[in-house]
Amino acid sequence: MRSVCVVLLLVCVVRALDKLNVCMDAKHHKKEPGPEGALYSQCSPWRSNACCRANTSEEAHADNSYLYNFTWSHCGAMSAPCRSHFIQDGCFYECSPHLGPWIQQVNQTWRKERIRNVPLCQEDCESWYADCRHDLTCKQDWHSGWDWSSGTNQCPKGSKCRTFEEVFGSAKTMCEVIWSNSYSYTALKKDSGRCMQLWFEGPDNPNLEVARYYLSHAHPQAVAVATTMLLPLLLSLLHAGIPL
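## Remarks on the packing of aromatic side chains
Considering all chains together, one arrives at 17 aromatic pairs under this definition. Taken together, a centroid distance of 6.4 Å and an interplanar angle of 70° make the contact between W128 and Y183 edge-to-face. A residue pair is termed long-range when its members are at least 10 positions apart, and W128 in helix 4 (residues 122-132) and Y183 in strand 6 (residues 183-185) qualify at 55 residues. For Y183, a relative accessible area of 2% corresponds to the buried category. Taken together, the ring pairs connect F70, W72, F86, F92, W128, W142, W146, W148, F164, F168, W179 and Y183 into an aromatic cluster. A cation sits over an aromatic face here: R194 above Y213, 3.7 Å from the ring centre.

Below is the structure:
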């Protein structure tokens, strides 16, 4: 019996640590991360260890691709500088194997897991907003509320196309609200080692050490939770005189 309890405790700990290199249970993600030598263009920095396949990385560069039938240009053509950030955002979401600390379960038809409050580096949020501030959109939260009657996302009835600057007002609001708090704006810089980078050169992925940092802080909590759950069981067995 003692060995069973020890195994249960170890399983809880291992599950916490396993979040360091894992793929989300989502629509186009692989079951497990691994090398993908032919990743397309802006997704190529993830080629040594990716949760996306080559065809997914190519479609991530296309507006209104088959991945989600989602168009960035719902208020007219999006500028090339702004579009590049949404492509990078798509590569990060589809390809990154180091989002484990921020993966949460969801009950959605197209995915069982999502990310929430991933701490983005300040430079990435600010440059994204700066390059998109004069582009147009009609909504803050792009995850929901669209008119899908045409098969692709269209502005809901009564909405008005306005600039990103008018709709969001700041880089912080844009980064946090546009994908319903998938990201969290931080004042942290890339050289801090404490924020996730949308843009990096590769071949080494700097986000691995960032995820490791956050998991190392979550790890003691996971052990504490597991111990709290198993300790009453151990005590009850001892009280009943059952040998461990």
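## Focus on the confidence of the model for the protein chain
Counting all residues, the mean pLDDT for the protein chain is 83, and 81% of those residues have values of 70 or more. Note on residues 219-230: pLDDT is under 50 here. Beyond four places in sequence and across chains, it has eleven contacts.

## Observations concerning the pattern of salt bridges
Scanning the model with the defined rule gives five salt bridges in all. E176 is paired through a salt bridge with K172; the nearest N and O atoms lie 3.0 Å apart. Of this pair, E176 and K172 are both found in helix 6 (residues 171-177), four residues apart, which corresponds to roughly one turn of the helix. A salt bridge links E209 to R212, with the nearest nitrogen and oxygen atoms 3.2 Å apart. Of the two residues, E209 and R212 are both situated in helix 7 (residues 207-239); the distance of three residues between them amounts to about one turn of the helix. What makes E209 partly exposed here is its relative accessible area of 45%.

So, how was this worked out
Residues numbered from 1 in each chain as written. Predicted model: local features only at pLDDT ≥ 70, side-chain atom pairs only at ≥ 80, totals over all residues. Heavy atoms only, no water. Phe/Tyr/Trp six-rings, centres within 6.5 Å; stacked < 30°, edge-to-face > 60°. Helix = DSSP H or I, 4+ residues; strand = E, 2+ residues; numbered from the N terminus. Buried < 20%, exposed > 50% of the residue type's maximum accessible area, 1.4 Å probe, protein only. Lys NZ or Arg CZ within 6 Å of the ring centre and 35° of its normal. pLDDT = per-residue confidence, 0-100. Contact = heavy atoms within 4.5 Å. Salt bridge = Lys/Arg side-chain N within 4 Å of Asp/Glu carboxyl O.

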